[in-house]
Amino acid sequence: MSFIQSMDQIFITLQHWIAGLFPLWLQPAVMAILAVVAILGAFPAIFAVTTVLERKGLGRMQNRLGPNRVGPLGILQPVADGIKSLTKEDIVPFTADGLVHFLAPLVLVTAVFLGFAVLPIGRNMVLVNMDAGLFFFFAIGASVELSIFMAGWSSRNKYSLLGAMRAIAQMISYEVPLLLSSVVAVMITGSLSTTKIVEAQSGFTGIFPHWYVFTPWGFAGFILFVIAALAETNRSPFDLPEGESELVAGYFTEYSGFKFALFFLGEYLGMLSIAGFGITLFLGGWGAPFSFLGFIPSWLWFFLKLFAAISFFIWLRGTLPRLRQDQLMNFAWKFMLPMALLNLVVAGAWRFLGEGWQRWIICSVVLLAAYFLLGRTLMRHQKLGPRSYRYAE
């Protein structure tokens with residue numbers, strides 16, 4: 001085995017070495033436990049780093065320093081936040097349903113962690129290589145809506161319940177285009193397996209990769225996926241469920257201490273999970289962006305792409321204002337859904353038009369025409385004018 005191959009498979013080699021220390025009959029269970037521990041350790045660590053990067057990045061955008069007291073340059077802020085969450089008093093409303101109130105954050109975090117099971121982090125690095133990996137990801141993701149409803153309903157608080165209903169309406173509305181935008185990758189690959197979807201994008205033409213995002217239907221699907229993913233994870237400009245000025249803190253108004261920290265953890269892990277899934281579907285997964293960079297370990301490419309996606313989400317949060325509820329719903333059902341359905345037809349046409357420049361022109365023209373027509377239809381009844389300001393006297 002060459003040095004490049006050994007670096008690419010270093011974690012697999014380490015896993016087999018540790019498992020080899022145990023009896024043969026116990027080795028499969030040990031290997032599975034090691035893989036689970038790696039996921040439980042790696043992604044929460046990335047979450048901790050992400051919180052620092054986000055607060056420092058937003059501070060930079062807003063001309064302030066961000067965290068700068070705990071550790072060098074404030075990098076140990078997540079440690080202080082974790083200690084505070086563990087030691088903070090857990091307050092449960094007297095009229096709340098104690099059991100459901102307790103289970104809601106656990107259901108959320110469990111569902112998000114299960115999504116990582118089918119995510120190929122590198123070559124031969126997937127916890128469960130199932131043929132219906134994409135189906136499993138979306139099926140387990142539906143549990144998130146359940147946990148949010150559990151949190152809002154069990155709190156016996158009108159603001160919490162309203163926040164939960166708003167969150168569920170938003171997530172269901174955008175889950176439809178999210179799923180439909182993913183189907184195009186399944187249609188072209190011919191499999192629901194996340195591993196096979198990555199392998200289908202592993203080829204090169206010259207130095208350029210065969211990523212799905214570099215096709216008309218793939219680019220449209222990727223844009224739709226990113227927008228829907230932002231709404232699914234309650235990221236700006238779709239962070240209405242937390243509307244502080246309207247609903248105090250949304251569905252987790254009555255949560256404090258470690259339970260609130262679990263919601264916070266689940267939200268960021270959900271962002272990492274869905275970003276990783278978008279990378280898998282449209283950006284070649286763990287594949288290198290150029291053929292001459294194939295010597296870099298596959299797992300490193302995956303995490304570099306994940307870091308780029310996180311940076312993009314942070315940039316959007318510091319840039320875009322929050323939408324209104326009516327704008328959010330209109331955009332989902334009057335623009336996102338029709339575009340996602342049309343993209344399925346375009347992907348099918350791409351598959352059967354055969355090789356050649358004709359399919360590039362036909363598919364691109366159809367998608368661009370639909371984009372402009374749906375955009376004009378959506379904006380037709382909008383009365384937009386110069387913004388006016390009124391000050392209190």
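Just above, that's the structure.
The rules behind these values
Numbering of residues begins from 1 in every chain and follows the order in which that chain's sequence is written. In keeping with the model being predicted, local features are shown solely for residues with a pLDDT of at least 70 and side-chain atom pairs are shown and tallied solely at 80 or more, while totals for entire chains, interfaces and linings include all residues. Excluded from the side-chain calculation are hydrogens and water; included are all heavy atoms of the structure. Every helix listed is a DSSP run of H or I at least four residues long, and every strand listed is a run of E at least two residues long, numbered separately from the N terminus. What the globule rule says is 2.2 Å times the number of residues to the power 0.38, and the radius of gyration is computed from C-alpha atoms. Partly exposed residues are those whose accessible area sits between 20% and 50% of the maximum for their type, while under 20% is buried and over 50% is exposed, using a 1.4 Å probe and protein chains only. Every helix has an expected span of 1.5 Å times one less than the residues it contains. Two axes enter the bend calculation: one fitted to the seven residues ending at the residue in question, the other to the seven starting there, and the bend is the angle between them. Here, axes are lines fitted to C-alpha atoms. For helices the fit covers the stretch in contact, and angles between N-to-C directions go from 0 to 180 degrees. In this scheme, roughly parallel covers angles under 35 degrees and roughly antiparallel covers those over 145, while 65 to 115 is roughly perpendicular and the rest are oblique. Only heavy atoms matter for contacts: two residues are in contact if any of them lie within 4.5 Å across the pair. Each residue is assigned to one of three groups, with Ala, Val, Leu, Ile, Met, Phe, Trp, Tyr, Cys and Pro labelled nonpolar, Asp, Glu, Lys and Arg labelled charged, and all others, Gly among them, labelled polar. Salt bridge, as used here: a side-chain nitrogen of Lys or Arg that lies within 4 Å of a carboxyl oxygen of Asp or Glu. Here, nonpolar core means buried Ala, Val, Leu, Ile, Met, Phe, Trp, Tyr and Cys residues that are tied together by side-chain atoms lying within 4.5 Å of each other. Classification of ring pairs uses Phe, Tyr and Trp, with its six-membered ring standing for Trp, and accepts pairs whose centres are within 6.5 Å; under 30 degrees between planes counts as stacked, over 60 as edge-to-face, and the remaining range as tilted. A positively charged side chain is recorded as over a ring if its NZ (Lys) or CZ (Arg) lies within 6 Å of the ring centre. The angle to the ring normal must also be within 35 degrees. This arc is built from the directions going out from the helix axis to the C-beta atoms.

> Can you walk me through the overall build of the protein chain in this structure?
Secondary structure assignment for the protein chain yields 15 helices and two strands. A compact globule built from 393 residues would reach a C-alpha radius of gyration of about 21 Å, and the protein chain, at 23 Å, matches this within 12%. For the protein chain, the spread of C-alpha atoms along the principal axes amounts to about 70 × 60 × 40 Å. In the protein chain, buried positions account for 46% of the 393 residues.

> Is there a simple way to explain helix α14 (residues 325-353) in this structure?
The α-helix advances 3.6 residues per turn, and as a result positions three or four apart in sequence lie on the same side. With 29 residues, α14 ought to run about 42 Å at 1.5 Å a step, and its terminal C-alpha atoms sit 41 Å apart, in line with that. At Ala332, α14 shows its maximal bend, which comes to roughly 35°. Downstream of α14 by one or two residues, Gly354 has phi in the positive range, about 80°.

> Explanation requested: the packing of helix α8 (residues 158-189) against helix α12 (residues 257-282) in the structure shown.
Two elements in contact, α8 and α12, have axes separated by 9 Å at closest approach and are oriented at 30°. The angle between the axes of α8 and α12 places the two elements in the roughly parallel class. Taking contact as the criterion, the partners of Leu178, Ser181, Ser182, Val184 and Ala185 in α8 are, on α12, Ile274, Leu281 and Phe282. Within the contact of α8 with α12, the residues separate by chemical class into six nonpolar, two polar and no charged.

> Which parts of the structure should I look at to understand the pattern of salt bridges?
A side chain with one charge can pair with a side chain of the opposite charge if their charged atoms come near. Evaluation of the coordinates by the stated rule reveals eight salt bridges. With its nearest N and O atoms 2.9 Å apart, the salt bridge here joins Asp326 to Arg324. Among the residues examined, Asp326 registers a relative accessible area of 37% and is labelled partly exposed. Given a relative accessible area of 47%, Arg324 falls into the partly exposed group. Each of the salt bridges in this network shares a partner with another, and the network as a whole consists of Glu54, Arg235 and Arg317.

> Mind showing me how you'd approach the nonpolar core here?
It is characteristic of soluble globular proteins that their nonpolar side chains tend to be buried jointly. In terms of nonpolar packing, the biggest core is built from 94 residues, with Phe116 and Leu269 touching the most fellow members. In this structure Phe116 touches Ile39, Phe43, Leu269, Leu272 and Ser273, once residues within four positions along its chain are discounted.

> It is not clear to me how the packing of aromatic side chains should be interpreted in this structure. Could you clarify?
Any two aromatic rings considered together are summarised by their centre-to-centre distance and by the angle between their planes. Taken as a whole and assessed by the stated rule, the structure comprises 29 aromatic pairs. A centroid spacing of 5.7 Å and a plane angle of 90° characterise the contact between Phe137 and Phe138, whose relative ring orientation is edge-to-face. Given the relative accessible area of 9%, Phe137 is considered buried. On the basis of relative accessibility, which here comes to 11%, the residue Phe138 falls in the buried class. Seen in terms of ring centroids, Phe222 and Phe282 are 6.0 Å apart; in terms of plane orientation they differ by 65°. Their pairing is edge-to-face. In this pair, Phe222 sits in helix α10 (residues 216-232) while Phe282 sits in helix α12, placing the two residues 60 residues apart along the sequence. Take Phe222: its relative accessible area is 19%, and that puts it in the buried class. A relative accessible area of 0% means that Phe282 is categorised as buried. An aromatic cluster of three or more residues is present, and its members are Phe43, Phe113, Phe116, Phe302 and Phe303. The cationic tip of Arg156 hangs over the ring face of Trp153; the distance from NZ or CZ to the ring centre is 4.5 Å.

> Help me out: how do you make sense of helix α4 (residues 77-87) in this one?
When we look at burial in α4, the residues that qualify are Gln77, Pro78 and Ser85. For α4, the arc enclosing every buried residue in end-on projection is 95°, short of the 170-degree limit, so these residues lie on one face. Exposed residues pointing more than 90 degrees away from the buried face of α4 are listed as Leu86 and Thr87. Buried residues along α4 sit in contact with α3 (27-61) and α12.

> Sorry if this is basic, but what is going on with unusual backbone geometry here?
Of note, the amide linkage connecting Ser236 to Pro237 takes the cis form, showing an omega dihedral of 5°. Structurally, Pro237 is set in the loop between α10 and α11 (244-247). One non-glycine residue with positive phi stands out, namely Asn63, at about 60°. Along the chain, the position of Asn63 falls in the loop between α3 and α4. The backbone phi angle of Asn124 is positive, close to 65°, even though this residue is not glycine. Within the fold, Asn124 resides in the loop between α5 (98-115) and α6 (133-141).

> When you look at the side chain of Thr194 in this model, what are you seeing that I'm missing?
Tracing the chain through its elements places Thr194 in helix α9 (residues 194-200). In this structure, Thr194 is in contact with Val118, Pro120, Gly133, Leu134, Phe277 and Thr280, ignoring residues within four places of it in sequence.

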